[in-house]
Structure formats: C-alpha cells, structure tokens
Amino acid sequence: MPDQLSSPRPRSPDGHAALMIGPLFGAILVVATAVGLTAVFWPKLWQGGGLIGGDIYSYYLPQKVVYAECLREGTLPFWNNRIGNGYPQLAESQTGALYPLNLVLYRWLDLNTAYNCSVLFHYSLAFIGCWLLARRLDLTRLAAALAALICTYSWFPPRISLEWTIVGGAWLPLAVWCAESFIQRRQRRWIVSLAIVLTLQLLAGHFFIAFVTQLLLVCYVPLRIWFAGAGPPVAARERGGVTCLLLGAAVVGSYLLAAAQLVPTWELKRLSQRSGVNAEHDPGRAAVPAKYLAQVIAPWAWYPDRAAFTELHDPQDQDRANRVDAHLYFGMLPLVLIVAGLWGAWRNSNRRLFVWLALGILAILYMPGWFLPITRHLPGFSYFEGPGRYGIVATLAAALLAGAGFDVVKARLKSLVRPLFAVATFAITTTDLIWVSDLVHDAEPVDDPPVKLIAQSKLYRNLIAPRAPDPVRLFSEGHSVPSLVGAGTLPVYLGLSPSPYYDPKFMLPKPYPFRDTLPTPEQIDWLRRRGVTHILSLVPLDSDAWPVRSLGIMSDPCLNPILGLERKGIFFYELEESRGRAAWLEHHSGPPPRIVKYTPQHVEIAAESESEETLILTDLDYPGWQVEVDGHPAAGLVVDGMLRGVALPPGKHTVIWNYHPTSFYWGAGISTIALIGLVVFCFVPGSLLKKGTVPFQ
C-alpha cells in the first residue's frame, strides 16, 4: 500500500522508533512483559481457574453460552431464546457477537477458557497500547513500561467483573496512539489504523468506553495541534483543520465499518426500555461522591472498609454508585513521580504533558456528576450514564505523567543507582496495585469455576435433556443463571432489553413472589401465560399458594456455587396448567401443538386442529421474525402484547418461525461498502489525495 501522500523525505532518528536493540526483539520484550504481568495479577486464570461474582454469572456468561453453542453449530448468534421470552442477542451489544476475537475464542475453546483468554488478551493489549502511546510521547522504554503498568493495573483489576470495561477500555490507549502518530508523521496508515481500532472497540460490545474514547480524541487532537504543537511538523500546525478533518473521518469511518453491529443495536435501543432517559436509565448513576476522591492520596482511609463508602450516600440512594465504579487510584509512588513529571515538563516547556494534565483534571472533576445538569443536554452524555467511569481518562493521564516523572528522576541519578531505582519503582508500584485490586473488586478468582461443571448439572440431566426439543422455562430467583445449563429463565436481567420486559402493562406484577412473599392470582396467571413450566426456588414453596407439583430437592454442582448455596438443596417444581412454549389460544379437546425443532433462530411446530385456531409460541415477537405455514408465508399475530402467534385453518399443519433481522443485513451492507472504501483509500496514489491539502510527510 502506498503509505505516504507525497514523496518520501529522509527521517532523522527520534525517540519514536522501535527499540534500538532491534524492532523484533523489542516487540517480543514488550509483549512478554505484558503477558507476564497478567500471570502476576491473575495466576488462577492461567492455571485453568476462573472468576465468580458480580455480573459474570448473572449477565455475561449466560449470553456467552448461547453465543458459543450457535458458533459451534455454524450459525451466527442473532437471537437468544433462553433469557426471558427471548431477545435479539446480536443487538444487545455486550455479547460482542461480531467481535473477531470472540468469533474465534468461543468457536474453538470451551467457555471458561475462552472467557479467560479474552480477559488476559485485553489486559495485555491495554499494556501494549499504553506503552506505544508513551513511547510516541518520547518517554524512554522503562518509563513507558511504568506508565503502561499504572494505566492497566490501577483502573482495570477492580472492574474485573465488568467485562465491557476491560474489552472496550483496552482499545482506548491504542486509539490515542494512532491519532498522535498521525499528528506527528502525517502518514495515511495511521488514519486507517485509527479507523480499525475504533471499529474493533465498537464491535467489542458496550459502547460507553467507545464514547469516552471518541470524546477524548475530540478534546485531545485540537489541544495537541494548536496548544502543544511544538513537536509536530510545521505543516500539521499550519493546516490543523485538515488534520482534525482526517481524524474525524476515521471516527465516522469506524461507525460505517461497525454498522453490522450498530444498526441492530440502534433498532433495539429504539424498541427498548432505554429509548429515553427514565428511572431505569439515570445518567447520574455511578457518580462518585466527591469526598471519595480522597482515595487517590489517602487510600487507607477507605480501603478495606466498605462501610466507609456506603456511608457517603443517602440511605435511599445507595445504588447510584459502588466502589468498583467509583474506584480511582494510581499508586502512592506514582503520585510523587507525577509531581516530578510536571516539574520536568515545566522546565522543558513540554506542553504535551500539560495537555494530559488538563484532560486528567477534567475527567476527575466530571466524576462526581457536578456537570450533569449541563452535559445531559449534549449528544451522547444523556445516554451514556456513569460519570465515575471517566476515571479511565484520569488514569491514563496520571500514568503518562508518572512515566515522565520516572525519566526526570532517573536522569538525575548516578548511573550505578539507576537500576536500583528502576527495580524499586516497579516492585513497589506492582505490590501497591496488587494490594488495591485485592481490596476493591466484586469478583473472585477460583480454582474450579462453576462454568466448568455445566456438563455435570443435575438440572440439565434430569429435567432439561429428557424434555428436548420442548424446552424448560424456569421462574427463578437466580435470574439468568439457570440458562447456563439450557433452561429458559425469568425474570429478565439485561442491559438493553426489549421494552415489553419493562412495560408495566406486560411485566410480572411486583413484588416478585420469592422467599417470604406469596404469589397473587394475577402473578400465577402471568407465569402461565408467559410459558413458565417450572419453578426454581431456594426455599420450599407453600403448596396452598402455589399450583405446583414438587420434583424434589436437588444439589446441583454447577448452580449451587453460583447461587451461594454451597451444599444446600435447590427446590424444583412443575407449574400446573402452563401454556409451555407452544399452545392454542383457546382450550380445546384436540391434541396440543408439538415442538419438532427448537433452536435460537428456527422453531418448527406440528399442529392439528378441527377448527380455525390461533397457535401461540410463547416467545417474544420482534422485528425480523417471519412465520410460514406449510411452506407458505403467513401473517404473524401479536398475542398478549408481546408473544408470537399465527392463525391456522382446520387440519394438520407445519408451522415454522425463522429469524431474519433486516437491520443486520442493512448494517452488513453498509459495513461492506465502508470496507471497500477503506481498501480503496489505502491504495489511491498519494498525488491524488494531497491536492488541495498540505502535502503529507
């Protein structure tokens, strides 16, 4: 690919080149360090263990298990038929259904190994990305490694239960590195690289960090060009508008490249409980109490006392933030190095570091939510909740400043003392960050994670497998947990959920009948109509209040540890008079519909009736589902406001529902066109692109 947009010029050696000892060896050393640190912080993940706690088993793995099964069967995971009455899994972006790494890992590895590999890979990626950015900003190799250590292992480990923060956050330093590289070198490859990095970040799942990344670029690039422009070529300063325009084009291009994911997600967003900001989606959620920011300089005042954090909130408002979202700590020694770095930047007039100081301070000031009354009126801010999560920008800024301070201090030491200083700095900082990551998190590494015991599940062997292909749907206090072993589950726990699950007209009336709360007749009727066939309870049910048949008490090796029951039994019941997955709208004496095949994207039902009847499939009606009767397209019906139905004439019939999401096909078409455009841009001669612009170096 012709990389430069004008004739090449000789380049003088600078600090941005690969390691002087050789590019290959330098790359190997950096990658080895990045991977080695994951073994230091998460040894059990390398030893075949896993994680338990937080949202891992209630949210992420229940999605991934269906995702992995679809990939192994050779289909794309468009729909999840286990959570609630089903939902568009591709559109609920946190699955990362089209993320290239997921397509490989979950197709070829077991679920636990794939999840571990993803976590470890993204930790390594975050380290490498921050190291590259620090080197581009003229830090030495050791200083860049220290910056990468601080950035990766101060902000990410406490959030180990939030997969999206790790998967999405790992791409942020790389995106800034691409932008900084383009500002300095004016080569088209950095525009292409930035577009690809931002595309992968969008495909990875949750879009919050992607929004923060793009916002960071919007702030960083102008400051870098017009305020801290001493480093770039004169042409870049004189035509900064062109530079901003090209970098902006990379951002827009990433949206087009990721359209196959974004268009279905946008469709779901419009049809979800988050179509507007409401009680279920408050932009002030996860704001950090201002007093808690003292953890940056005095962590001992807050760690490990969890009660100290809780007391900062109004008793009626304790769910607006948690210690994980509110965590912000860089290490004690890095604080001293930050001061040294700012002193060195002042002496050397290094405005680039002051840009990072300004961005870091702005991020910290935004974390308590003080500016929400203003920003909630700006695009994006009103939707991407959680001002406390902007700490990732403050952490990156602190890491770069600390790395610069390391160089300042090291340069003033005698040559014999420098190795000791470097070893002590890395040892103290690593120990410090390990200590904090052990105190502030809501997931634990364990030797034998429950996900490895799915095949041994008694619920699957005794109840789910014998009923195939007619699936079980459980009403469970464990929410999505039983879906790991093949059961459908209610109630729903999703981040971006089809609106009927949160619409009071269609929701199960609260309070939910768990533990000491008995069900009302309205709740029993709701469960039957939604196709709930069984009840999973952590305590015995009152047989006078529940129309159920006991199936016994079971200790499940997979579910018990997740539900915190250790060796206690789980109570299983069959709900009487339930519709199940397939039923007639009205009761009649003929044979009930029979499910012949039931997969996430395809359902086949054999039905026979003596008169015209309405067949119900107690799965969610959603755009993209198409029904055929005896091989001919038919008009689908919406039953009970959200379920699928179809009218059948008398006789025997084969009814087939298939899921063909138009939003995905439109998005895939846009992505294909954008990819062709990117390839064309790579190979267009530079003489054509430089017309009317400042020649690229």
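These numbers were taken from a predicted model, which means no experiment stands behind them. (Residues numbered from 1 in each chain as written. Predicted model: local features only at pLDDT ≥ 70, side-chain atom pairs only at ≥ 80, totals over all residues. Heavy atoms only, no water.)

Enquirer: Help me understand the confidence of the model for the chain in this model?
Expert: In regions of low pLDDT, the predicted coordinates are not meant to be interpreted in detail. The share of residues in the chain with pLDDT of 70 or more is 91%, and the mean pLDDT across the chain is 89. Note on residues 1-20: pLDDT is under 50 here. Beyond four places in sequence and across chains, it has 45 contacts. Per-residue pLDDT stays below 50 along residues 692-697; that stretch engages in 21 contacts with residues further than four places along the chain or on separate chains. (pLDDT = per-residue confidence, 0-100. Contact = heavy atoms within 4.5 Å.)

Enquirer: Would you take a moment to explain the packing of helix α6 (residues 141-155) against helix α18 (residues 391-411) for this structure?
Expert: Packed helices, taken two at a time, are described by their axes: the angle between them and the distance between them. Contact geometry of α6 with α18 gives a least axis separation of 8 Å together with a crossing angle of 155°. Between α6 and α18, the angle falls in the class roughly antiparallel. In terms of crossing hand, the pair formed by α6 and α18 is right-handed. In this structure, α6 uses L142, A143, L146, A147, I150, C151, S154 and W155 to contact α18, whose residues at the interface are G391, I392, T395, L396, A399, L400, A402, G403, F406 and D407. Across the contact of α6 with α18, the residue classes tally to 13 nonpolar, four polar and one charged. (Axes fitted to C-alpha atoms, helices over the stretch in contact; angles between N-to-C directions. Helix = DSSP H or I, 4+ residues; strand = E, 2+ residues; numbered from the N terminus. Parallel < 35°, antiparallel > 145°, perpendicular 65-115°, else oblique. Left-handed = near helix turned anticlockwise from the far one by under 90°. Nonpolar A, V, L, I, M, F, W, Y, C, P; charged D, E, K, R; others polar.)

Enquirer: Would you mind showing me how to read the sheet that holds strand β6 (residues 548-554) here?
Expert: Pairing between the strands of a sheet comes from backbone hydrogen bonds, and it takes one of two forms, parallel or antiparallel. The mixed open sheet is built from five strands, whose spatial order is β4-β3-β5-β7-β6. The open sheet has two edge strands, β4 (488-490) and β6, and neither has a second partner. If you compare each strand with its neighbour and ignore which way they point, the axes differ by 25° on average. Pairing between strand β3 (residues 473-476) and strand β5 (residues 534-537): three bridges, direction parallel. Bridge pairing links L474 to H534 in β5. Sitting on the sheet, helix α20 (residues 458-467) is in contact with β3, β5, β6 and β7 (570-575), with an inclination near 140° to β6. (Pairing = 2+ DSSP bridges.)

Enquirer: Sorry, what's going on with the environment of D442 here?
Expert: Locating D442 in the fold gives a position in the loop between α19 (418-439) and β2 (444-446). D442 sits in the partly exposed class, given a relative accessible area of 36%. Ignoring sequence-local partners within four residues, the contact set of D442 consists of G53, G54, P158, S161 and V324. Within the structure, the side chain of D442 is placed 2.4 Å from the side chain of S161, a separation counted as a polar contact. (Buried < 20%, exposed > 50% of the residue type's maximum accessible area, 1.4 Å probe, protein only. Polar contact = N/O pair within 3.5 Å; in protein donor to acceptor, adjacent residues only side chain to side chain.)

Enquirer: When you look at the pattern of salt bridges in this model, what are you seeing that I'm missing?
Expert: Pairing between side chains of opposite charge can happen when their charged atoms approach one another. With the rule as written, the count across this model stands at 15 salt bridges. Between E180 and R352 there is a salt bridge, and its shortest N-O distance comes to 4.0 Å. Taken together, the residues E180 in helix α8 (residues 172-185) and R352 in helix α16 (residues 351-366) connect sequence positions 172 residues apart. Assessed through its relative accessible area of 12%, R352 is described here as buried. Two residues, R529 and D640, come together in a salt bridge whose shortest N-O distance is 3.4 Å. Of this pair, R529 sits in helix α21 (residues 521-529) while D640 sits in the loop between β14 (636-639) and β15 (643-648), and the two are 111 residues apart along the sequence. The partly exposed category is assigned to R529, whose relative accessible area is 33%. If you follow the salt bridges from partner to partner, you end up with D138, E180, R224 and R352 in one network. (Salt bridge = Lys/Arg side-chain N within 4 Å of Asp/Glu carboxyl O.)

Enquirer: What should I look at first to understand a nonpolar patch on the surface in this one?
Expert: On the surface, I361, L362, L365, W370, F371 and I374 cluster together into a nonpolar patch covering about 600 Å² of accessible area. Per-element tally for the nonpolar patch: the top contributor is α16, with three residues. Turning to its location among the elements, I361 is positioned in helix α16. With a relative accessible area of 42%, I361 lands in the partly exposed category. (Patch = residues over 30% accessible without salt bridge, like charges linked within 9 Å, V, L, I, M, F, W, Y side chains within 5 Å. Areas by Shrake-Rupley, 256 points an atom, 1.4 Å probe, with all protein chains shown as cover.)

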